[in-house]
Each structure stands twice: as C-alpha cells, then as structure tokens.
Amino acid sequence: MTVSPAIGRVGAAWRAARSVTPAGHLDAAGCNVPSDRVLDAVTAHLRRERELGGYRAAPDLTGARASLAALVDAEPGDVAFLESGTEAMAALLGGWRLGPGSRVGCTRAEYGSTFMLLRRLAARRGWRLIELPLDGAGRLDPDGLRARLRSSLDLVVLSHVGSHHGVVQPAAEAGALCRAAGVPFVLDVCQSLGHVEVRGTEASAYVGTSRKWLAGPRGVGFLIIPGLTDTMDTLAPTLAGHIWNDPSEPWGGLGESWGESGESGKSWNSRLESWGDRGSSWGESPESWDGPAVGEASRPVPGAARFETSEAAVAARAGLGVAVREHHELGPPAVHAHLAELGRTARGLLDGAGGWRVAEPLDEPSALVTLSPPPDDTAARAAARADEASLLVGVVPVARAPLHLREPVLRVSPPPGTPVETFEALARVLSTH
Ligand SMILES: *Cc1c(COP(=O)(O)O)cnc(C)c1O
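What comes next is a walk through the structure. (Residues numbered from 1 in each chain as written. Predicted model: local features only at pLDDT ≥ 70, side-chain atom pairs only at ≥ 80, totals over all residues. Heavy atoms only, no water.)

Scanning the protein chain from N- to C-terminus turns up twelve helices and 13 strands. Considering the protein chain as a whole, with its 433 residues, one finds that 52% of them fall into the buried category. For the protein chain, contacts bridging at least 24 residues in sequence account for 71% of all contacts bridging at least 6. As displayed, the protein chain offers around 19,100 Å² of accessible surface, 54% of which is attributable to carbon and sulfur atoms. (Helix = DSSP H or I, 4+ residues; strand = E, 2+ residues; numbered from the N terminus. Buried < 20%, exposed > 50% of the residue type's maximum accessible area, 1.4 Å probe, protein only. Contact = heavy atoms within 4.5 Å. Areas by Shrake-Rupley, 256 points an atom, 1.4 Å probe, with all protein chains shown as cover.)

Contacts to the ligand come from 13 residues, most closely from Thr-86, Asp-188, Thr-209, Arg-211 and Lys-212. Take Ser-84: an N or O atom from its side chain is 3.5 Å from an oxygen atom of the ligand. In the environment of the ligand, an oxygen atom lies 2.8 Å from a nitrogen or oxygen atom belonging to the side chain of Arg-211. If the ligand stood free it would expose 370 Å²; the protein chains cover 93% of that surface. Here the shell around the ligand is composed, by residue class, of three nonpolar, seven polar and three charged. (Near = heavy atom within 4 Å. Polar contact = N/O pair within 3.5 Å; in protein donor to acceptor, adjacent residues only side chain to side chain. Nonpolar A, V, L, I, M, F, W, Y, C, P; charged D, E, K, R; others polar.)

This next bit is on the packing of helix α6 (residues 142-150) against helix α7 (residues 171-181). Taken N-terminus to C-terminus, the directions of α6 and α7 make an angle of 15°; their axes are 10 Å apart at the nearest point. In this view, α6 runs roughly parallel relative to α7, as classed from their interaxial angle. In this structure, α6 crosses over α7, and the sense of that crossing is right-handed. Contact residues: α6 offers Pro-142, Leu-145, Arg-146 and Leu-149, while α7 offers Glu-173, Ala-174, Leu-177, Cys-178 and Ala-181. Of the residues that constitute the contact of α6 with α7, the class distribution is seven nonpolar, no polar and two charged. (Axes fitted to C-alpha atoms, helices over the stretch in contact; angles between N-to-C directions. Parallel < 35°, antiparallel > 145°, perpendicular 65-115°, else oblique. Left-handed = near helix turned anticlockwise from the far one by under 90°.)

Now for the sheet that holds strand β10 (residues 357-358). Pairing is antiparallel in the open sheet, where four strands are placed in the order β10-β11-β13-β12. Edge positions in the sheet fall to β10 and β12 (394-396), since each has one partner strand and no second. With two bridges connecting them, β10 and strand β11 (residues 369-372) associate as antiparallel partners. Each residue of the ladder has a partner; that of Val-358, found in β11, is Leu-371. (Pairing = 2+ DSSP bridges.)

Residues Gly-221 and Leu-223 point to one face of strand β7 (residues 221-224) and Phe-222 and Ile-224 to the other, with burial holding for every one of them. Bridge count between strand β6 (residues 205-209) and β7: four bridges; the pairing is antiparallel. Residue pairing for β7: Gly-208 is matched across the bridge by Phe-222.

Across its twelve residues, helix α12 (residues 420-431) extends 17 Å between first and last C-alpha, which sits within 8% of the 16 Å expected from 1.5 Å per residue. Taken together, the buried positions of α12 are occupied by Thr-422, Phe-423, Ala-425, Leu-426, Ala-427, Val-429 and Leu-430. Elements in contact with the buried residues of α12: α10 (332-350), β11, α11 (379-388) and β13 (409-412). (Expected span 1.5 Å × (residues − 1).)

Summarising the element assignment, Asp-78 is placed in the loop between α3 (62-70) and β1 (79-82). A polar contact is formed between the side chain of Asp-78 and the backbone nitrogen of Glu-75, at a distance of 2.8 Å. Among all residues touching Asp-78, those that are not within four sequence positions of it are Leu-223, Ile-224, Ile-225, Pro-226 and Ala-304.

Looking now at the pattern of salt bridges. Applying the stated rule across the entire model yields 16 salt bridges. Salt bridges sharing partners connect three or more residues here, namely Arg-37, Glu-326 and Glu-329. (Salt bridge = Lys/Arg side-chain N within 4 Å of Asp/Glu carboxyl O.)

We now examine the pairing of strand β3 (residues 128-131). Of the pairings in the sheet, the one linking strand β2 (residues 103-106) to β3 comprises four bridges and is parallel in character. Of the residues in β3, the one forming a bridge with Gly-105 is Ile-130. Assessed by its sense of winding, the connection that carries the chain from β2 through helix α5 (residues 112-125) to β3 is right-handed. (Right-handed = clockwise from strand over helix to strand, strands pointing away.)

Keep in mind these values describe shape, not function.
Next up, the structure:
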C-alpha cells in the first residue's frame, strides 16, 4: 500500500486517540470505536448528573450543534438531536405536510426502514412513490432523476452511501437538480458523514447517526435542516419544541365530543376511524396535510428544535459533540482520502479470495466494502470463521435493502488506521472454506 504523509497521519492519530480497540475491528459501518476523549465526556457528564442533579447538569450543546452543522455548512439552529437515524427519518418524513397524490422519489437501493416508512406513509396518506432509476452498479442515474423532476416530484429521498453496498451516490448532482426544480431533497448521511464529502450537496435536510463513521456513542441520531419550511414539523409535538396557540382553548372546536355521545362526538370518532382505515381520507381531515397548519392547538418553535426529543441520553449527545470536534481536528478531507485508500486496498486484497467477489467497483472512493459469496460459502459462515480469527466483520441481510440485495453479503468497513495485515488475515479466512 502506498501511503501519503497525510494518510499516515490520520491513521496514526486515530489509533493514538484510542487506548483500546476491539481486535480486528472491520465494522465501522455498523458500530465504530469511540475515542478515549469521547468516552471520558460521556462518563464525566453522567457523573455530573449524579452530583448536581440531572436537570442542573444539562450540558450546553451549542458547540456540538455548531460542529455537526459545520460539516454541511449549516447553522447550529438547524440541528435536532434524536435517538437514531431511523428515529430522525421517521420524525422528519412522518410529520411532513404532503397531501394525497404527492409524488415522492426514491431508488430501490433505499435503506430498509426508510423504505418501510415510505411505503406506510404512501398507504396511509395517499403519497405515490416514484422510482428513481439506478445504473448497473446501483448508482443513481442523474438523467433519470432529471426526467422524473420534469414530470413533477414533491420530495426526493436518497441515501448517500447505502448500508448494503459501498457505492457513493452522486448526491451533489442530485441536490443541484432538486434545487433547480424547487423540490425538497432529503439526504440520508448515516453512512457518509465522517466518511465521504457531504459538503456541497445542498440538501434541504440531512438525516444522520452518531455511532458509525463519526465514531460517537450509540443511541444518538440527528437531523440537520438548512432548508426548513412550514410544511416540515414532527407529528408528535413536544413541550420544548412547540408552543400552545391558545392555552385557554386546549380542546379547540372538538371539545364537546370528549366523553359525550352527542352527534358531533360520533362524527368525530367515525372520522378518526376512517383515517385509520383509508389513507386517502387524510385530505378530508380537519387538519389538511396540504399546507401550513390551520386550526391546530400548537405551533412549532423556529428552527430544527421542533424535531428534537427533550428527554434523552444527553451524555451521549455531548459525547457526539466531542467526536465531531475530533473529526474536524483530523481534517475531514484527509479522513475521506484515508478511508477511500483503505477501501481500495481492501477490495484489491479481498476480491477473488476463495471465490468471493466485491460487489461495488474496486476503486469506489469509500471504505464500505461488500462481498458476495461463492456457491459453496455464505456470509454468515464466513463471519463466524472471521470471528474465530479475531476479525469483526458485518453480515448485511436482504431486509436492509429488499429491492436491491439478492442474498446476504459480507460487509468489511475498516476504521481509520486499519493495517493492511488485517485485510490479509481476512483474505485467508475467506479462502479457507
Ligand atoms: C444505519 C443506517 C440508517 C439508520 O440509522 P440507525 O441509527 O441505525 O437507526 C439509515 N440509513 C442508512 C444508510 C444506514 O446505514
């Protein structure tokens, strides 16, 4: 492996920041290894909560928000912390005011839980899912997106890097096309932030998670929403993120139906039932999903705070702030270059070993490497053999991308500083079956 000075520095600094790492760790895309400083920040905050009282110890997360936002040239007020990438996506899409018939573009390589969510929202709200075409490598075809935008889309959702293959989607090009068409663009950066360049994609909203390439603690996800509009609000209002419109009228016009069995109560209840049964009736509900809230009891506060959960593992949020600061200190472009080099090195050594084949192009600029098994081996068996050899790899089940993955694949995702000997050891494991 040829190692440039900058690349050597990133790997060495990453390893120096961790007094302990699991042996043979090749699962950064699943759950990365936090640094000693991140671990210290989390435990120090938990100790402060015990000494001062949890509410009195509440950390100032402005710095954490600023570091995270800076990764995509956004502002601290654009950041909302949640508990996972899945939660963040559900909060964002679940509350989005899009009327029946709205056209939502996504590819068949979309992440499993996002796809489940979109299918459910489509069924209940009458949205239409419009397939955005991929090329043979599983890469979004920008001309296909352009054509779909021309025949009208109301929202585009894209995973920058998938969980199940290492292809880096042309997010900047997709973002520019959506922006030119005036269509909101949601970019899932769970596998890309801290791994490949996300700046310049100019998405309306980014959905991310802490524990993967940013190497923060588990249990934190986030939204960064530079393009917040009135149509974007959570379905579940919170006291920290919402304000009563008129606290003296909390029942609004629906109050008389509460506990009474009068005519108005019946019609309200039957309307509620019909929402449950038929997605298409959303548009007839008292709260139209077509535009800004009308007749609602509460309204969101300015900024992304409307999406944030207020009761949370705040120590972990503080820990993520430290992890992102460390990422800035290493220098994101140098980290990206180092990881791309690790990915290319791993693919070169693993492709063909024991008949296993790398699924994405060998020179793809990512460190997420996926391998398809030969006929006489499986991902689960290879992962078990790797475990015996003290190597930690991932197995990606078909459910992770049900319309794109045909069989479970082995996922190799080296953290910075992974020595070439680790890939050579894995190649031997793949060869002996
Ligand atoms: C991991 C992942 C998610 C979900 O994040 P969680 O924090 O696990 O909920 C979403 N999209 C992609 C591409 C992922 O890899």
